[in-house]
Amino acid sequence: MADIPWTWLLIRASGVTTWGLLTAVVLWGILLHTRLLGRLASPIRLLDMHRWLGASALAFLLLHMGLLLIDPKVAFTVPQLLIPGLAPWQPFAVALGIIAFWLLIPVSILGRIRTKLGKAGNTIFKRVHLLAYAAWPLATAHYVLAGTDALTEWSLALLITGGALMVFALLARGFVPAPAPQRPARKDPVPIS
Ligand code: HEM
Ligand code: HEM
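Rules of the game
Residues numbered from 1 in each chain as written. Chains lettered and ligands numbered in written order. Predicted model: local features only at pLDDT ≥ 70, side-chain atom pairs only at ≥ 80, totals over all residues. Core = buried A, V, L, I, M, F, W, Y, C linked by C-beta atoms within 7 Å. Buried ≥ 20, exposed ≤ 12 C-beta atoms within 10 Å, placed from the backbone. Helix = DSSP H or I, 4+ residues; strand = E, 2+ residues; numbered from the N terminus. Contact = placed C-beta atoms within 7 Å. Near = placed C-beta within 6 Å. Nonpolar A, V, L, I, M, F, W, Y, C, P; charged D, E, K, R; others polar. pLDDT = per-residue confidence, 0-100. Expected span 1.5 Å × (residues − 1). Axes fitted to C-alpha atoms, helices over the stretch in contact; angles between N-to-C directions. Parallel < 35°, antiparallel > 145°, perpendicular 65-115°, else oblique. Left-handed = near helix turned anticlockwise from the far one by under 90°.

Colleague: Account for the nonpolar core, with residues named and values stated.
Modeller: Counting residues in each nonpolar core, the largest one holds 32 residues, and the members touching the most others are L22, V25, A57 and A139. Elements with a minimum of two residues in this core: helix 1 (6-34), helix 2 (43-70), helix 4 (91-113) and helix 6 (132-146). Per element, the largest residue contribution to this core is nine residues, and it comes from helix 1. The contact partners of V25, leaving out residues within four places of it in the chain, are H50, L53, G54 and A57.

Colleague: Before we move on, can you summarise the site of ligand 2 with the specific residues and values?
Modeller: R12, G15, G97, G147 and D149 are the nearest of the 27 residues found near ligand 2. For the shell around ligand 2, the leading source of residues is helix 1, giving seven residues. Residues belonging to the shell around ligand 2 are distributed by class as follows: 17 nonpolar, eight polar and two charged.

Colleague: Summarise the confidence of the model for the protein chain; cite the residues concerned and give the values.
Modeller: Mean pLDDT for the protein chain: 90, with 90% of residues reaching 70 or above. The secondary structure element of the protein chain with the lowest average pLDDT is helix 5 (residues 118-129), at 88, and the one with the highest is helix 6, at 98.

Colleague: Tell me about helix 5, and please be specific about residues and values.
Modeller: End to end, helix 5 covers 16 Å across twelve residues, agreeing with the expected 16 Å (1.5 Å per residue, within 8%). By the criterion of burial, helix 5 is predominantly exposed, with just zero of the twelve residues buried.

Colleague: Report on the site of ligand 1, specifying residues and quantitative values.
Modeller: Around ligand 1 sit 23 residues in total, of which G29, H33, G54, G111 and A132 are the nearest. At the level of secondary structure, the elements contributing two or more residues to the shell around ligand 1 comprise helix 1, helix 2, helix 4, helix 5 and helix 6. Broken down by class, the residue content of the shell around ligand 1 amounts to eleven nonpolar, seven polar and five charged.

Colleague: Quick one: what's the story with the packing of helix 4 against helix 5, residue by residue and with numbers?
Modeller: Two elements in contact, helix 4 and helix 5, have axes separated by 9 Å at closest approach and are oriented at 150 degrees. Between helix 4 and helix 5, the interaxial angle falls into the category roughly antiparallel. In this structure, helix 4 meets helix 5 at a crossing whose hand is left-handed. Of the residues in helix 5, those touching helix 4 at P106, V107, L110 and G111 are I124, F125, V128 and H129. Grouping the constituent residues of the contact of helix 4 with helix 5 by class yields six nonpolar, two polar and no charged.

This is the structure:
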């Protein structure tokens, strides 16, 4: 333990935190889409929390990646950090994390500029947002394959809990139809006398 650099420990801690936050932001997104909680949670509060979780997940992901640049043992370069397959350590497992990172960038950018895009932008926003469903399994596979601690008891408990919640939420997304958009009430036709 004494000869493990503090950066390597933080890389692992920030990785697990990113995964937890990513799982939470996707689950929150599903709650937002399905309105599964009904009156228990207003859409505005769900959206606020969803945005906060998304921003925090990205912040921890950037920390996770940034620390690899200064870690004395692996010392990634910027291209190795951004281009899948170039990593000096477990290139395949790390590539999965890099692809997840690239998928999350358009998801969060379009989320932030959504209101400026108008009506057509809403369709693009929704389609691009679906990339999050590809990012999550890639990030999870990266966790399992690259993680030094991935198969320890606490980590398996975390993975199984997150995975079970995800399966449950996805089933709910499949079976619970999204609420129809609210339209203004139509006026009754004036009776012809
Ligand atoms: C890391 C960033 C993010 C991830 C991984 C993420 C993920 C998701 C997911 C998986 C859904 C469910 C989509 C569906 O099933 O159709 C969703 C819904 C949603 N997200 Fe995000 N999101 C992120 C950031 C944001 C941001 C920054 C906004 C900004 C406003 C946002 C706004 C929304 C809205 C409004 C919905 C509901 C869409 C609907 O009703 O179909 N998201 N999100
Ligand atoms: C959404 C994206 C990502 C998530 C959720 C994530 C999460 C994780 C997790 C949970 C671990 C295992 C920690 C442990 O148990 O020891 C890990 C390890 C690692 N990640 Fe990521 N990661 C992501 C993206 C990346 C990217 C883009 C890179 C590099 C360019 C990267 C490089 C690494 C490396 C080198 C390790 C090994 C550290 C160890 O020994 O465990 N990750 N990551």
